[in-house]
Amino acid sequence: MTEAPARRVRPAGDPLRRALELLGDQWTLLILQSLFFRFRRYEELRLRLGISPTALSGRLRDLVEAGVLVRTPYRDARRTRHEYRLTERGLELWPLLVSIWSWERQWVDGRREVLPTLIHIGCGLATAAPLGCAHCVRRVDARDVTARRLDSTGVAAATASKRFRRKDAEALAGDPLLFFPDTMELLGDRWSTGIVVSALLGARHFSEFERELGIGPSVLSDRLTRLVELDVLRTETASTRTDARAYRLTAKGLAFFPALAFIAEWSRQFEVPGQEPDITLTHVDCGEQLRPILMCEHCGHELARDAVQWSGQVPSPTRALGS
């Protein structure tokens, strides 16, 4: 993906930052994934995730305030309680979660055999759900897209940085549908996300990442090293610059583009009327602004939530908790 510059005035508000602050959190992603598998009640979520009541209540509150969830009353044998249901805005996050599943299944070692398979009901075949362009209904990857920024401001890293404790990750490791280690390294850390976005926009050198993100040298060095270890970035000699090393996205790093494209598209729901997006993506082949979709690579049709099913071990709530 290459960047085409633009000179305009940035309006009030920052939808992309707001989306990244909300979704760039490991517990939030796991809560959303659980809700798509119909774990809707507080105790179901708490027991499935092993999350503390304080952390769970805070994430649920943030999702309700963002219009992603709605609290719905139900009656058990003793009193009225509430469960959490996805709103239309929340349901529109389904492609993001599927793209995360697809990336982990293809690119993270040891995951391909344990994650369930997605079946396209229309053609009956297993699909990796690749990214597509809604306008021309053709497959798209990062190399097929140009990006235009609203102004010359650097990439805005989200203000919150919430990370799992080591024991949290260890507790989830036994369930393949709750353990997305490499995704959590990218989306669960604001600086790592910012580095990947900056690299997609063309940043290559240490000084460029510093300028884009306003990040301290020691923090930047730590995150770059970690992304190289994850095989998201690779290094090469930068012989023509003062920087001793250049960083480029690997095939694995470029393959994470669909998740970021869906976040960028979803963030537009937070725009005020007349506001332009911070970053506009254009599909080069058809010349239209990219509206990302999931596709079936076999029959070429767009994938909808009601047109797919999971094959393999998938979780389901027992409803044994006071229901």
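Residues numbered from 1 in each chain as written. Predicted model: local features only at pLDDT ≥ 70, side-chain atom pairs only at ≥ 80, totals over all residues. Heavy atoms only, no water.

A closer look at the overall build of the protein chain
Thinking step 1. Assigned secondary structure in the protein chain consists of 13 helices and twelve strands.
Thinking step 2. Buried positions account for 49% of the 323 residues belonging to the protein chain.
Thinking step 3. In the protein chain, the proportion of contacts linking residues at least 24 apart, taken out of those at least 6 apart, comes to 70%.
Thinking step 4. Accessible surface computed for the protein chain: about 15500 Å², of which carbon and sulfur atoms make up 48%. (Helix = DSSP H or I, 4+ residues; strand = E, 2+ residues; numbered from the N terminus. Buried < 20%, exposed > 50% of the residue type's maximum accessible area, 1.4 Å probe, protein only. Contact = heavy atoms within 4.5 Å. Areas by Shrake-Rupley, 256 points an atom, 1.4 Å probe, with all protein chains shown as cover.)

What to know about the pairing of strand β2 (residues 69-75)
Regular strands place their side chains on alternate faces of the sheet.
Thinking step 1. Here β2 runs beside strand β3 (residues 80-86); their pairing, made up of seven bridges, is antiparallel. For P73, the partnering residue across the bridge sits in β3 and is H82.
Thinking step 2. Between β2 and β3, which pair antiparallel and follow one another directly, the connecting turn spans four residues. (Pairing = 2+ DSSP bridges.)

Things to note about the packing of aromatic side chains
Thinking step 1. Inspection of the entire model under this criterion finds four aromatic pairs.
Thinking step 2. Ring geometry for F209 and Y247: centres 6.4 Å apart, planes at 75°, overall edge-to-face. Of this pair, F209 sits in helix α10 (residues 206-213) while Y247 sits in strand β9 (residues 245-249); the two residues are 38 residues apart in sequence, bridging distant segments of the chain. Judged on exposure class, the residue F209 and its partner Y247 are both buried.
Thinking step 3. The side chain of R41 reaches across the aromatic face of Y74, ending 4.0 Å from its centre.
Thinking step 4. Lying across the ring of F39, R48 places its NZ or CZ 4.7 Å from the centre. (Phe/Tyr/Trp six-rings, centres within 6.5 Å; stacked < 30°, edge-to-face > 60°. Lys NZ or Arg CZ within 6 Å of the ring centre and 35° of its normal.)

Regarding helix α1 (residues 15-23)
Thinking step 1. Those residues of α1 that sit buried are P15, L16, A19, L20, L22 and L23. Viewed along the axis of α1, the buried residues span an arc of 165°, placing them on a single side of the element.
Thinking step 2. Structurally, α1 contributes buried residues whose contacts are with α2 (26-36), α4 (53-65), α6 (94-107), α9 (190-200), α13 (257-267) and β10 (279-283). (Arc of directions from axis to C-beta.)

Some thoughts on the packing of α9 against helix α11 (residues 217-229)
Thinking step 1. At a closest axis distance of 10 Å, the pairing of α9 and α11 adopts a crossing angle of 70°. Taken together, the axis directions place α9 and α11 in an arrangement best described as roughly perpendicular. In this structure, α9 uses W191, S192, I195 and V196 to contact α11, whose residues at the interface are V219, L220, R223, L224 and L227.
Thinking step 2. Broken down by class, the residue content of the contact of α9 with α11 amounts to seven nonpolar, one polar and one charged. (Axes fitted to C-alpha atoms, helices over the stretch in contact; angles between N-to-C directions. Parallel < 35°, antiparallel > 145°, perpendicular 65-115°, else oblique. Nonpolar A, V, L, I, M, F, W, Y, C, P; charged D, E, K, R; others polar.)

Describing the environment of L233
Thinking step 1. Mapped onto the fold, L233 is located in strand β8 (residues 233-237).
Thinking step 2. Residues L233 and I195 lie 38 residues apart in sequence; the distance between their C-alpha atoms is 9.8 Å.

Describing the side chain of H120
Thinking step 1. As for its placement among the helices and strands, H120 is situated in strand β4 (residues 117-120).
Thinking step 2. Other than its neighbours up to four places away in sequence, H120 contacts L125, T127, C296, C299, H301, L303, A307 and V308.

Describing the sheet that holds strand β5 (residues 125-127)
Thinking step 1. Strand order in this open sheet of three strands is β5-β4-β12, and the pairing throughout is antiparallel. The two strands at the open ends of the sheet, each matched to only one other strand, are β5 and β12 (308-311). On average, adjacent strands in this sheet sit at an angle of 45° to one another, irrespective of strand direction.

Quick notes on α2
Thinking step 1. Of all eleven residues that make up α2, ten are buried, and the element is covered over most of its length.
Thinking step 2. The first or second residue beyond α2 is R38, which carries a positive phi of 70°.

Notes on the pattern of salt bridges
Thinking step 1. Under the criterion given, the structure shown has 13 salt bridges.
Thinking step 2. Among the ionic pairs, R234 bridges to E236, the shortest N-O distance being 3.0 Å.
Thinking step 3. Each of the salt bridges in this network shares a partner with another, and the network as a whole consists of R41, E83 and R85. (Salt bridge = Lys/Arg side-chain N within 4 Å of Asp/Glu carboxyl O.)

It is worth stressing that arrangement in space is one thing and function is another; only the former is reported here.
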